[in-house]
Amino acid sequence: MAEIGIVGMGRMGANIARRLMRAGHRCVVWDRDAAALAAVVADGAKGAADLAGVVAALAAPRAMWVMLPHGEATEQAIAALGDLLSPGDVAIDGGNTQWKDDVRRAAALTSRGVDYLDIGTSGGVWGLERGYCLMIGGKAEPVARLAPIFDALAPGRGDIPATPRREGRAPNIEDGWLHCGGHGAGHLVKMVHNGIEYGMMQALAEGLDLLRAADSAALPEQHRISVDLADITEVWRRGSVVTSWLLDLTAAALAQDPALARYAGTVGDSGEGRWTVQQAVETAVPTPVLTAALYARFASRDQDRFAGKALSAMRAGFGGHLEPK
């Protein structure tokens, strides 16, 4: 059994703690929201009164996982851990963070003898049951030491067929977690992952919008065709080359509400799509699809199209994201 401290009992932090406890690991948790904290404590975690209380409840060498929104909340938590942790301990940022901030934080913590891992965590609100894909940056030693934690959080191989000619590579990759490289590498890989996600979602949403408009009054009557999007997305799930979890979520949303009437189509962005485009500019790598997908989200805030509703439905499906007000 391993033990870990987790700060932030939001949608993902709470379920990370629950999944680890299901695997027999001990979790000491804290959140400013007393109700959120109490809910995880009721499921078996040990609660703490504050960040210092979490650290005090763990045996050295400690591991502290921060699962907070990127920006000031995470900055403050990591800075505080720099004062609370001891040499040999490890601080983890598992949220969505700009990878350049990881490089800076790692340098500050390393000077105190504290290790730092940046972990891109993908799995959304379904991670408790499905597991989390983990993209890890940092030194090899703390990654190896915390392997039991990563094994418990990762999805495992499930029924996904093995990829041919991967003999000799680390088996944990096929289980769903990867040590990507040095400090910043984990969040760099997650950043690009999310940029690709934007593009995949946008392509699916635009295609459905196009199909929905096939019976538009703007077309000659003989060229109008009415199709059922709920049935189309369902049949695409069955052996087509666009089969994906995003398609699964879209089909489920359309089966429940074919018009997606509950969504306004105003699509938010978590920040990682912007960082991906900025990285493309800095490295002079052309990313027209990823860039256009980001701009489409901006445009959705002034437009009312079915594509925006489809994007909102997907975001709600995998991450529980609410539309911007």
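Scope of this entry: the structure provided in the associated data block. What you see is a predicted model, and the numbers here were worked out from it, not measured in a lab.

Some points on a nonpolar patch on the surface
Next, step 1: Together, Val 192, Ile 196 and Met 200 make up an exposed nonpolar region whose accessible area comes to about 240 Å².
Next, step 2: Along the chain, the position of Met 200 falls in helix α10 (residues 185-212).
Next, step 3: Taking the relative accessible area as the measure of exposure, Met 200 reaches 45% and is therefore partly exposed.

Section: the pattern of salt bridges
Next, step 1: Scanning all chains against the criterion turns up 18 salt bridges.
Next, step 2: Asp 101 is the salt-bridge partner of Arg 104, the closest N and O atoms lying 3.2 Å from each other. Taken together, the residues Arg 104 and Asp 101, both in helix α5 (residues 99-110) and three residues apart, mark about one turn of the helix.
Next, step 3: Its relative accessible area of 44% is what places Arg 104 among the partly exposed residues.
Next, step 4: According to the relative accessible area criterion, Asp 101 is partly exposed, its value standing at 26%.

Remarks on the packing of aromatic side chains
Next, step 1: If you walk through the whole model with that rule in mind, you get two aromatic pairs.
Next, step 2: Ring geometry for Phe 150 and Trp 177: centres 5.2 Å apart, planes at 55°, overall tilted. Here Phe 150, found in helix α8 (residues 147-153), pairs with Trp 177, found in strand β8 (residues 177-181); they are 27 residues apart in sequence, far enough to count as distant.
Next, step 3: Overall, the relative accessible area of 0% leaves Phe 150 in the buried class.

Brief notes about the packing of α10 against helix α12 (residues 245-256)
Next, step 1: Two elements in contact, α10 and α12, have axes separated by 11 Å at closest approach and are oriented at 40°. With respect to α12, the axis of α10 lies oblique. Viewed along their axes, α10 and α12 form a crossing whose handedness is right-handed. Taken together, the residues of α12 that come into contact with α10 (itself represented by Met 200, Met 201, Leu 204 and Leu 208) are Leu 246, Leu 247, Thr 250 and Leu 254.
Next, step 2: Per-class residue counts for the contact of α10 with α12 are seven nonpolar, one polar and no charged.

Focus: helix α13 (residues 272-283)
Next, step 1: Compared with the 16 Å implied by 1.5 Å per residue over 12 residues, the 16 Å span of α13 between its first and last C-alpha is a close match.
Next, step 2: Among the residues of α13, Glu 272, Gly 273, Trp 275, Thr 276, Val 277, Gln 279 and Ala 280 are the ones counted as buried.
Next, step 3: Among the structural elements, α5, α10 and α14 (288-299) are those in contact with the buried residues of α13.
Next, step 4: Phi turns positive one or two residues past the end of α13, at Ala 284, with a value near 55°.

Here we look at the environment of Pro 69
Next, step 1: Along the polypeptide, Pro 69 turns up in the loop between β4 (63-66) and α4 (72-84).
Next, step 2: When the C-alpha atoms of Pro 69 and Ser 270 are compared, they prove to be 9.6 Å apart, with 201 residues separating the residues in sequence.

Structural notes on the nonpolar core
Next, step 1: Formed by 51 residues in total, the largest nonpolar core has its most connected members in Ile 6, Trp 65 and Phe 150.
Next, step 2: With residues near it in sequence (within four places) discarded, Trp 65 still touches Ile 4, Gly 5, Ile 6, Val 7, Ile 16, Ile 92, Gly 94, Ile 119, Thr 121, Leu 134, Phe 150 and Leu 153.
Next, step 3: Within the second largest apolar cluster, 22 residues are counted, among which are Ala 205, Leu 249, Ala 253 and Tyr 263.

Here's the deal with the side chain of Thr 233
Next, step 1: Along the polypeptide, Thr 233 turns up in helix α11 (residues 229-236).
Next, step 2: Polar contacts involving the side chain of Thr 233 include one to the main-chain carbonyl oxygen of Leu 229, which spans 2.9 Å.
Next, step 3: A distance of 3.1 Å separates the side chain of Thr 233 from the backbone oxygen of Ala 230, its partner in a polar contact.
Next, step 4: Apart from residues no more than four positions distant in its own chain, Thr 233 is found in contact with Leu 208, Leu 247, Thr 250, Ala 251 and Leu 254.

Some words on α14
Next, step 1: When the terminal C-alpha atoms of α14 are compared, their 16 Å separation across 12 residues agrees well with the 16 Å that a helix rising 1.5 Å per residue should span.
Next, step 2: Those residues of α14 that fall on the buried side of the exposure criterion are Leu 290, Thr 291, Ala 293, Leu 294 and Arg 297. Taken down its axis, α14 places every buried residue within 160° of arc, on the same side. Away from the buried face of α14 by more than 90 degrees, exposed residues Pro 288 and Val 289 are located.
Next, step 3: As for α14, its buried residues are in contact with α10, α13 and α15 (306-319).

Definitions and limits used
- Residues numbered from 1 in each chain as written.
- Predicted model: local features only at pLDDT ≥ 70, side-chain atom pairs only at ≥ 80, totals over all residues.
- Heavy atoms only, no water.
- Patch = residues over 30% accessible without salt bridge, like charges linked within 9 Å, V, L, I, M, F, W, Y side chains within 5 Å.
- Areas by Shrake-Rupley, 256 points an atom, 1.4 Å probe, with all protein chains shown as cover.
- Salt bridge = Lys/Arg side-chain N within 4 Å of Asp/Glu carboxyl O.
- Helix = DSSP H or I, 4+ residues; strand = E, 2+ residues; numbered from the N terminus.
- Buried < 20%, exposed > 50% of the residue type's maximum accessible area, 1.4 Å probe, protein only.
- Phe/Tyr/Trp six-rings, centres within 6.5 Å; stacked < 30°, edge-to-face > 60°.
- Axes fitted to C-alpha atoms, helices over the stretch in contact; angles between N-to-C directions.
- Parallel < 35°, antiparallel > 145°, perpendicular 65-115°, else oblique.
- Left-handed = near helix turned anticlockwise from the far one by under 90°.
- Contact = heavy atoms within 4.5 Å.
- Nonpolar A, V, L, I, M, F, W, Y, C, P; charged D, E, K, R; others polar.
- Expected span 1.5 Å × (residues − 1).
- Core = buried A, V, L, I, M, F, W, Y, C linked by side-chain atoms within 4.5 Å.
- Polar contact = N/O pair within 3.5 Å; in protein donor to acceptor, adjacent residues only side chain to side chain.
- Arc of directions from axis to C-beta.

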